[in-house]
Amino acid sequence: MGCCWSLLCKDDNSSQNGEPNERTHLLVDPISNNIHIQRVSSENLLSRNSNDAPKKTDEQSALTRILQETATNVIDVAAIDSHNLQQQEYIERVKMYNIKINQVLAGNKGALANSLKSCLLEDVPQPEKILSGDLLNREDRHLMTSSLLAAVSAINDIRVDHKEDLVVPFGLGLNS
Amino acid sequence: MVEEIKKNLYEIASKIEGLYGITFTDRDGVPLLKVTSESAPEPAIKPNFISTFCLAIDQGSKLGLGKTNTLICTYSQYQIVQMNKHPLVVTFVANQQCNLGQILALEAQIDPIASSLALTVTEI
């Protein structure tokens, strides 16, 4: 373990301060590295409050971050504060929505009109017109019945023409 | 156009026995469109009651089961179905005997109306 640390320290020091010797502290570098990382994360805060102790702001920002994360992840029923609308605000919003709805719906009229059909069957306004229409021609009727009868007889004539064995033994047939 | 939508919702509501009303509100319970019969219980369509649904679904999303789509509350006299159509909430109020499956099946019919009404809230 000690060996690992010394190796790490060696790399760090050689890049920053030149060559390390055997008296270089093993624990100095990891701690300073930690502080450095925190400083980077709260760079904005530091630049604004350059006179404050950097360690304190780091701690506070870390604390607030932890608190925020906890608040977003934990369900705290007691802390849920129901936001009640003021009567005045409620009335204003209802008015605003009423005006806006008319504007928005006027723009989307075409898209919405199709989706408002509540019935599959549509109402026929004057059924007597359709009902009093001309009857079918005798020829057309004859064509329909004859072609239908032909189709029915054709369907009835469908048969399986049995030529080969229905069950074929796989493998066995090839070997023999 | 609003009247047409209301008429359509009335027709939908009248086909389901025991359904007293359909309301489209924002997350604070402010109504955008409301179709209710006289039998609908007053507390169920108040903003306080409806906004509680939003609080509940916000907290419910932390359970790790995904987004809340529908919340069904069955009381001794009434049944309330609330659908999350962000940024809107659609609330159905029905009596105890009403068939909830029929209400849930209305979602497809409600969706186009909800999506056009949602534009109203997002534009503000």
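Residues numbered from 1 in each chain as written. Chains lettered and ligands numbered in written order. Predicted model: local features only at pLDDT ≥ 70, side-chain atom pairs only at ≥ 80, totals over all residues. Heavy atoms only, no water.

An unreviewed UniProt entry lists chain B under the name Ragulator complex protein LAMTOR3, with Ceutorhynchus assimilis as the source organism. The Sequence similarities (unreviewed entry) field of the UniProt record for chain B holds the comment "Belongs to the LAMTOR3 family." (UniProt positions renumbered as here; feature names shortened; annotations may be inferred.)

Under an unreviewed UniProt entry, chain A has the name Ragulator complex protein LAMTOR1 and belongs to Ceutorhynchus assimilis. The record held by UniProt for chain A lists under Sequence similarities (unreviewed entry) the comment "Belongs to the LAMTOR1 family."

Summing up its helical and strand segments, chain B has four helices and five strands in all. Along chain B, from the amino end to the carboxyl end, the secondary structure elements read α-β-β-α-β-β-β-α-α. Out of the 124 residues belonging to chain B, those deemed buried represent 51%. When contacts within chain B are restricted to residue pairs at least 6 apart in sequence, long-range pairs at least 24 apart make up 54% of them. Of the accessible surface of chain B, which amounts to about 5800 Å², a share of 51% is contributed by carbon and sulfur atoms. (Helix = DSSP H or I, 4+ residues; strand = E, 2+ residues; numbered from the N terminus. Buried < 20%, exposed > 50% of the residue type's maximum accessible area, 1.4 Å probe, protein only. Contact = heavy atoms within 4.5 Å. Areas by Shrake-Rupley, 256 points an atom, 1.4 Å probe, with all protein chains shown as cover.)

Here we take up the interface of chain A and chain B. Facing 31 residues of chain A, the contacting portion of chain B comprises 29 residues. Both sides of the chain A and chain B interface together cover about 2700 Å² of buried area, and 68% of this is carbon and sulfur. At the boundary of chain A with chain B, the tally comes to two salt bridges. Put simply, Arg93(A) and Asp28(B) hold a salt bridge, and the shortest N to O gap is 2.8 Å. Our count for the chain A to chain B interface comes out at five residue pairs in polar contact (both at pLDDT 80 or more). (Buried area = accessible area lost by both parts, 1.4 Å probe. Salt bridge = Lys/Arg side-chain N within 4 Å of Asp/Glu carboxyl O. Polar contact = N/O pair within 3.5 Å; in protein donor to acceptor, adjacent residues only side chain to side chain.)

Once that is clear, we can look at the confidence of the model for chain A. Residue and element names in this part refer to chain A. Taken residue by residue, chain A gives an average pLDDT of 73. The fraction at 70 or more is 62%. pLDDT under 50 marks residues 1-16. Its contacts with residues more than four places away, or in other chains, come to 12 contacts. Below a pLDDT of 50 lies the segment residues 30-43, which in the model reaches seven contacts outside its immediate sequence neighbourhood of four places, other chains included. (pLDDT = per-residue confidence, 0-100.)

Look at any regular strand and the pattern is simple: side chains alternate between the two faces of the sheet. All names here are of chain B. Buried residues dominate strand β5 (residues 88-95), accounting for eight of its eight residues. Side chains Leu88, Val90, Phe92 and Ala94 project from β5 onto one buried face, and the interleaved Val89, Thr91, Val93 and Asn95 project onto a second face that is buried too. Bridge count between strand β1 (residues 19-26) and β5: seven bridges; the pairing is antiparallel. Along β5, the bridge assignment pairs phenylalanine 24 with valine 90. Looking at chain direction, strand β4 (residues 78-85) and β5 are connected through eight bridges and run antiparallel. Bridge assignment links methionine 83 to a residue of β5, and that residue is valine 90. Turn length for the β4-β5 hairpin, with the two strands adjacent in sequence and antiparallel, is two residues. (Pairing = 2+ DSSP bridges.)

Across a sheet, strands are paired by hydrogen bonds formed along the backbone, either parallel or antiparallel in direction. Within the open sheet, the five strands sit side by side as β2-β1-β5-β4-β3 (chain B). Their pairing is antiparallel. This sheet does not close on itself; its edge strands, each paired only once, are β2 (31-36) and β3 (70-74) of chain B. Within this sheet the neighbouring strands show an average axis-to-axis angle of 10°, counted without direction. Helix α5 (residues 87-107) of chain A rests against β1 and β2 of chain B of the sheet, and its axis sits at about 85° to β2(B). Set on the sheet, helix α2 (residues 47-60) of chain B makes contact with β1, β3, β4 and β5 of chain B; between it and β4(B) the angle comes to about 55°. (Axes fitted to C-alpha atoms, helices over the stretch in contact; angles between N-to-C directions.)

Residues and elements named next belong to chain B. The terminal C-alpha atoms of helix α1 (residues 2-15) lie 20 Å apart, and with 14 residues this matches the ideal 20 Å at 1.5 Å per residue to within 8%. Considered for burial, the residues of α1 that qualify are Val2, Ile5, Asn8, Leu9, Ile12 and Ala13. Viewed along the axis of α1, the buried residues span an arc of 135°, placing them on a single side of the element. Among the exposed residues of α1, those pointing more than 90 degrees away from its buried face are Glu3, Lys7 and Ser14. (Expected span 1.5 Å × (residues − 1). Arc of directions from axis to C-beta.)

A separate point is the side chain of Thr91(B). Here Thr91(B) shows up in strand β5. Other than its neighbours up to four places away in sequence, Thr91(B) contacts Gly21(B), Ile22(B), Thr23(B), Ala44(B), Ile50(B), Ile80(B), Val81(B) and Gln82(B).

Right, let's get into the packing of aromatic side chains. All names here are of chain B. Taken as a whole and judged by the stated rule, the model has one aromatic pair over all chains. Relative to tyrosine 78, the ring of tyrosine 20 has its centre 6.2 Å away and its plane inclined at 70°; by these criteria the two rings are edge-to-face. Of this pair, tyrosine 20 sits in strand β1 while tyrosine 78 sits in strand β4, placing them 58 residues apart in sequence. According to the relative accessible area criterion, tyrosine 78 is partly exposed, its value standing at 24%. (Phe/Tyr/Trp six-rings, centres within 6.5 Å; stacked < 30°, edge-to-face > 60°.)

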